[in-house]
2 protein chains.
Amino acid sequence: MEDFWEDWDLAFEDVFPKSLKEALEGIKEIPTYGERGASRFMYNLLKLEKEKRKEIIEKVLEAVEVLRPCRECFLITDREVCPICSDEKRSKKFICVVEESQDAYAIEKLERYKGVYHVLQGHIAPLEGISAEDLTIDALMERIKKYQPKEVILATNPNVEGEATANYIAGLIRRKFPAVKITRTAYGFQFGSLIEFVDEYSLEKSMENRK
Amino acid sequence: MEDFWEDWDLAFEDVFPKSLKEALEGIKEIPTYGERGASRFMYNLLKLEKEKRKEIIEKVLEAVEVLRPCRECFLITDREVCPICSDEKRSKKFICVVEESQDAYAIEKLERYKGVYHVLQGHIAPLEGISAEDLTIDALMERIKKYQPKEVILATNPNVEGEATANYIAGLIRRKFPAVKITRTAYGFQFGSLIEFVDEYSLEKSMENRK
C-alpha cells in the first residue's frame, strides 16, 4: 500500500460531525427509517440553502408540536376534537373505519363523504406482533354504542392485513350490534390499470360487482 | 348513492391541519422528495410519542443550523474548516475526490486514509442540467495548484455519471498539472456478490485487476 493508506490514530468519531450523527440516529428511530432512509433525508436536506432548510425543519417542528389524535376518532389533527367530529353537519350515523389518518384524508379530499371517521392506528398483523388490542377497536365499539350508526364502512387497506382487520371488526360488530349495517369498500379495477395485468381477485370482483 | 355521499360545502382545506400541510409542502422541497416521501416521513414521525418526535426534530434543526461545507474541501462539517483539513497529520499530498460528503465519510470510516478529500457536490449530468461549472472543480484546481499533491484519487461513483465526471476531471488535471499522478478507484467484485450475476464490466475488471 501507498504511504497515505495505513493504520493511524485519528478515530472516525473525531471527524464525523456530532450534530449530524445525532440527527441521523434520531431519524432512524422513526418507523420504517433505517441507515439509508436517514442518510437520504439528511444529506438531501443539507443540499438546500441554510435558510430554506431551517424554514422546512421549523415547519416540521411546529407540526410535531401541535398535531395529536382527535379524542373522538383518532384522526391526526391540531385540535382536541377534529373539525370533522366537531362539525354539526357531519352525520355520526355513518362511521368510516380506516387504518391511518392519511387514508381518511384521502377520502376527505374527494369532498363527498358526509359521515365521520374512525382511525384504527394500524392493522392486525400477528407476525409483526400487532393484535386487536393495539388498535383503537375498543373506542370504536364505544362510539357505535353511543351513536348507534346506520352504517359502518370498513375502509381498511385492500391487502391481506386490511382484509383480516376488516373481517375481525365486522365479526365483533355483528355480535355486539346486530342492527348495524356493515359494508366494505369495493374491489375492482383501479383506473389506469391494464386488464391483462390486474390480479385475479380484483378481476373477479370487477366482474361480480358490475352494474 | 346513499345519503351520506353527496356534494356538500365543507372544503378539504378546512379539514386538513394547516401545520401538517405546511410541513408536507416543506419536505417536498428537499431534493428527491415528492408527495409519497413527504407523506411517509410525516405520518411515520407522528406515530412516535410527542416528546420523542420533538426531540428528533430538534436534533435535525440543530444539525441544519450548524452544518456547512468546509471552506477548503466542501465536506459537510460543523466548523469553518473541517477536522480533516485542519489536522496537521493529514497529508495534503493526497487528495481524494468524491461526489458527496457521505462518500468521504464512508472512506473515513475505514480509518485508513491519511490524505485529504475534495467534495465535488455532485456529478456532471447534462441530462439533469448539471455541468462542470455547478461542481467545485475550480476550487479543486486551486487546491492542486496550492498543495502540489503527489496523487489525486478520483473516487466518484462507479456509474455512468461518476465515470464521466472522473474522466472530465482527469483530463483537466492532465492538461494543467501534468506532473500529478491521477488514479481511479478500482472496479472488481463487491464482497457478497455472486459471480454469475456480476455485470460484465466489473467481471472483466476483476479479472484484469487480479493480483
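Because the structure is a prediction, the values reported are computed rather than measured. (Residues numbered from 1 in each chain as written. Chains lettered and ligands numbered in written order. Predicted model: local features only at pLDDT ≥ 70, side-chain atom pairs only at ≥ 80, totals over all residues. Heavy atoms only, no water.)

### Let's talk about the UniProt feature "domain: Toprim" in chain A
Reasoning step 1: UniProt records the feature "domain: Toprim" for residues 93–190 of chain A in the present numbering.
Reasoning step 2: Secondary structure within residues 93–190 of chain A divides into 37% helix and 19% strand; the distance between the first and last C-alpha atoms comes to 29 Å. (UniProt positions renumbered as here; feature names shortened; annotations may be inferred. Helix = DSSP H or I, 4+ residues; strand = E, 2+ residues; numbered from the N terminus.)

### Points about the UniProt feature "zinc finger region: C4-type" in chain A
Reasoning step 1: Cross-referencing UniProt, the feature "zinc finger region: C4-type" maps to residues 70–85 of chain A in the present numbering.
Reasoning step 2: Overall, residues 70–85 of chain A shows 0% helix and 12% strand. The separation of its end C-alpha atoms is 8 Å.

### Re the environment of isoleucine 56 of chain B
Reasoning step 1: Mapped onto the fold, isoleucine 56 of chain B is located in helix 4 (residues 50–66).
Reasoning step 2: A residue is classified by how much of its surface remains accessible, and isoleucine 56 of chain B, at 1% relative accessible area, is buried.
Reasoning step 3: C-alpha of isoleucine 56 of chain B to C-alpha of phenylalanine 177 of chain B: the two residues are 121 residues apart in sequence and 47 Å apart in space.
Reasoning step 4: Filtering out sequence-adjacent residues up to four positions away, isoleucine 56 of chain B remains in contact with Gly26, Ile27, Glu29 and Ile30 of chain A together with Leu48 of chain B. (Buried < 20%, exposed > 50% of the residue type's maximum accessible area, 1.4 Å probe, protein only. Contact = heavy atoms within 4.5 Å.)

### Digging into the sheet that holds strand 3 (residues 91–98) of chain B
All names here are of chain B.
Reasoning step 1: Strands sit in the order 4-3-5-6 across an open sheet of 4 strands; the sheet is parallel. A strand with exactly one partner marks an edge of an open sheet, and here the two such strands are strand 4 (115–119) and strand 6 (181–184). Across the sheet, the mean angle from the axis of one strand to that of its neighbour is 25°, orientation sign disregarded.
Reasoning step 2: Inspection of the sheet shows strand 5 (residues 151–154) paired to strand 6 by 4 bridges, in the parallel sense. Paired with glutamate 151 across the bridge in strand 6 is lysine 181.
Reasoning step 3: Packing of helix 6 (residues 137–147) onto the sheet brings it into contact with strand 3, strand 4 and strand 5, and relative to strand 3 it is tilted by some 160°. (Pairing = 2+ DSSP bridges. Axes fitted to C-alpha atoms, helices over the stretch in contact; angles between N-to-C directions.)

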